[in-house]
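Structural overview
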Amino acid sequence: MNKIIYKNKMEFQKFETYTYVEDKHVSYLKQLEDFVQKSSFLPHYHLYPKTGLMNDPNGLAYFNKQYQFFYQWFPLEPHHGMKHWGHYKSSDLVHWEDKKIALIPDEEYEKNGCYSGNSIEKDGLLYLFYTANYKTPQGKIPKQAVAIMDKVGVIQKSKKNPIIDGAPEGMSGEIRDPFVFKRDGSYYMLLGAKDEHEVGQLLLYTSQDLIDWVYQGIISLPIDKGYMLECPSLIQVEGKDVLIVSVMGLEKEETRYQNQFSTIYLVGKLDISNKVFYEEYSDEVDSGFDFYASQAFYGKNNVPMMVAWFGCGQQELPSDKDMWKHGLTMPYELKLKQNRLTHFVASELLEQFKKKQSFHNEKITTKSNTYHLSFEVCNHKDEMSIKFGYLKDYWELKFDFNRDHISVDRSNLDIPVDVQNGKIRKTKGLNKNRYQVDVFVDNSFVEIFINEGEKSFAFRAFNMTTQHHDVIFGWEAIGEIAYYQAVGF
Ligand code: FRU
């Protein structure tokens, strides 16, 4: 039986965890959508769920001259329930059309959700790969599935689903998040996994037609793989292979892996025949509180790009009471800088921050809560901090030039966010005396880039004063501020 609770005149229904959306939910979802629109924490240029919880980006593609962004979505409630695929599309990464639900887990083989995966184009069709989540009292049976979208946008699940059923020898039932790519005329699929010894593994399959898949084995990786690998991605950036994996169970270090789970990149070469990734450089992708399960893809003109889930693990957020949770990061363009992977805001989005104003001041007051601030930090004090907020309700970006640490501190926000997982996130600097800083604030979504994305922090901050912020530098800072102009969705 649905339990009904009353709040702010809207009646919220309670659902069994594995409830998928049917016609009977449509009018309730419409009411919920109107309710969410009243939330004071909504972003203007980050994608967010119109109701319920959003997590990983899925099936990202530039297909049919449009960006197709799918995502993990439980539309009915703001927590991790039955995962559907939601779908937004856009021709410019600025104006988005909400295509609502793309995949509903209504088949027996996916009875516990349509989990994450990517997409690839073949013969004018977009193949959407996903994990059909299937639980039994003895544990999960891993199943991978595919749905095919045509140019009109009609999506059909393959009659051959599940296209991979069961686990290869030595693996547990935790195998998921297919990432399919083409190399030298063959298709390959990477899958994140946990083996029988509770160690994370990356699995390789191959296919000629995207439907029949043959297991090839484990790819050897020169990193700590924790107890489970999730959401692998492989992309070519400036002629090198970049592998991105999300890892569960890494031990926290002073300047790395401070979230519950972490996303790592490796730059180098994937040797498919020997199943080895030869690493030249690796690091955590982002150092903020809210970044996980990123997916790489080729955008317009084959530009290597990436988007991540703006969230991580299980968190309680102030927006839960407004019936929506999490979002996606901005779309990034990927580049290499001396073998480091950099990610920075896609140019289409960057262009929407208009009417740049210069400043030369110790403190500025922004005109809204939707801005791009850029400035330089030079080492003229060992420790430098910039405060964003109002009076005693602020978050801080700190540079410790002695220790070469850069950190974000959420200790002084009036509305606490997920404090049991710590209030500070710290990363090692780049051993420089001068940094270029770009801060993008989108109401409760904040993204900071150091030296155009050599380091970054994505995190949520729910300032009480939502309309504008004081930015206090504590020195005569020189920089520019611009405001987001477009109305995106
Ligand atoms: C990562 C993840 C994936 C899974 C999906 C389920 O955040 O756990 O491994 O497919 O989320 O929503």
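Residues numbered from 1 in each chain as written. Predicted model: local features only at pLDDT ≥ 70, side-chain atom pairs only at ≥ 80, totals over all residues. Heavy atoms only, no water.

Quick look at the side chain of Asp-195
By secondary structure assignment, the location of Asp-195 is in strand E15 (residues 186–195). Lys-225 provides the closest opposite charge to the buried, unpaired Asp-195, separated from it by 6.8 Å. In terms of polar contacts, Asp-195 uses its side chain to reach the backbone amide nitrogen of His-197, at 2.8 Å. At 3.0 Å, the side chain of Asp-195 forms a polar contact with the side chain of Gln-201. Excluding its chain neighbours within four sequence positions, the residues that come into contact with Asp-195 are Gly-170, Met-171, Ser-172 and Gln-201. (Helix = DSSP H or I, 4+ residues; strand = E, 2+ residues; numbered from the N terminus. Buried < 20%, exposed > 50% of the residue type's maximum accessible area, 1.4 Å probe, protein only. Lys, Arg positive; Asp, Glu negative; His and termini not counted. Salt bridge = Lys/Arg side-chain N within 4 Å of Asp/Glu carboxyl O. Polar contact = N/O pair within 3.5 Å; in protein donor to acceptor, adjacent residues only side chain to side chain. Contact = heavy atoms within 4.5 Å.)

A word on the sheet that holds strand E16 (residues 200–207)
Here four strands make up an open sheet; going across it, the order is E14-E15-E16-E17 and the pairing antiparallel. One side of each edge strand has no neighbouring strand; the edge strands of this open sheet are strand E14 (171–183) and strand E17 (214–219). Sheet twist, expressed as the average angle between the axes of neighbouring strands with direction ignored, equals 25°. For E16 and E17, the ladder comprises five bridges, and the chain directions are antiparallel. When the sheet's bridge partners are listed, Tyr-205 is paired in E17 with Tyr-215. (Pairing = 2+ DSSP bridges. Axes fitted to C-alpha atoms, helices over the stretch in contact; angles between N-to-C directions.)

Re the site of the ligand
Every residue close to the ligand is listed here: Asn-55, Asp-56, Gln-72, Lys-83, Tyr-115, Ser-116, Arg-176, Asp-177, Glu-230, Tyr-292, Ala-293 and Trp-309. Between the ligand and Asp-56 there is a distance of 2.8 Å, counted from an oxygen atom to a side-chain nitrogen or oxygen. Its free accessible area being 320 Å², the ligand has 90% of it covered by the protein chains. Only strand E3 (52–63), E14 and strand E22 (292–298) provide two or more residues apiece to the shell around the ligand. In the shell around the ligand, the residues fall into four nonpolar, three polar and five charged. (Near = heavy atom within 4 Å. Areas by Shrake-Rupley, 256 points an atom, 1.4 Å probe, with all protein chains shown as cover. Nonpolar A, V, L, I, M, F, W, Y, C, P; charged D, E, K, R; others polar.)

Some words on the domain arrangement of the protein chain
In terms of domains, the protein chain is made up of domain 1 (4–343) and domain 2 (352–484). For domain 1 and domain 2, the distance between their C-alpha centres works out to 29 Å. Taken residue by residue, the interface counts 40 residues in domain 1 and 42 residues in domain 2. Of the roughly 3400 Å² buried at the junction of domain 1 and domain 2 (both faces included), carbon and sulfur atoms supply 55%. Summed over the three residues of domain 1 that lose the most area to domain 2, namely Tyr-45, Ser-287 and Phe-289, the buried surface amounts to 22% of that side. For the pair domain 1 and domain 2, the number of links is four salt bridges. In this structure, the salt-bridge partner of Lys-337 is Glu-454, at a minimum N-O distance of 3.1 Å. (Domains from an automatic or database assignment. Buried area = accessible area lost by both parts, 1.4 Å probe.)

As for the UniProt feature "domain: Glycosyl hydrolase family 32 C-terminal" (unreviewed entry) in the protein chain
Residues given the UniProt feature "domain: Glycosyl hydrolase family 32 C-terminal" (unreviewed entry) here are residues 353–462. What you have in residues 353–462 is 0% helix and 63% strand, and the ends, taken at the C-alpha atoms, are 22 Å apart. (UniProt positions renumbered as here; feature names shortened; annotations may be inferred.)

Description of the packing of aromatic side chains
All chains considered together, the criterion is met by 38 aromatic pairs. With centroids separated by 5.4 Å and ring planes inclined at 75°, the aromatic side chains of Phe-353 and Phe-440 adopt a geometry described as edge-to-face. Residue Phe-353 is located in strand E27 (residues 353–365), and its partner Phe-440 is located in strand E33 (residues 434–442); the two are separated by 87 residues in the primary sequence. The same class applies to Phe-353 as to Phe-440, namely buried. Site record: aromatic cluster; members linked through ring pairs are Tyr-45, Tyr-332, Phe-344, Phe-353, Phe-440, Phe-449 and Tyr-484. Positioned above the aromatic ring of Phe-289 is the side chain of Arg-410, whose terminal nitrogen or guanidinium carbon lies 3.6 Å from the ring centre. (Phe/Tyr/Trp six-rings, centres within 6.5 Å; stacked < 30°, edge-to-face > 60°. Lys NZ or Arg CZ within 6 Å of the ring centre and 35° of its normal.)

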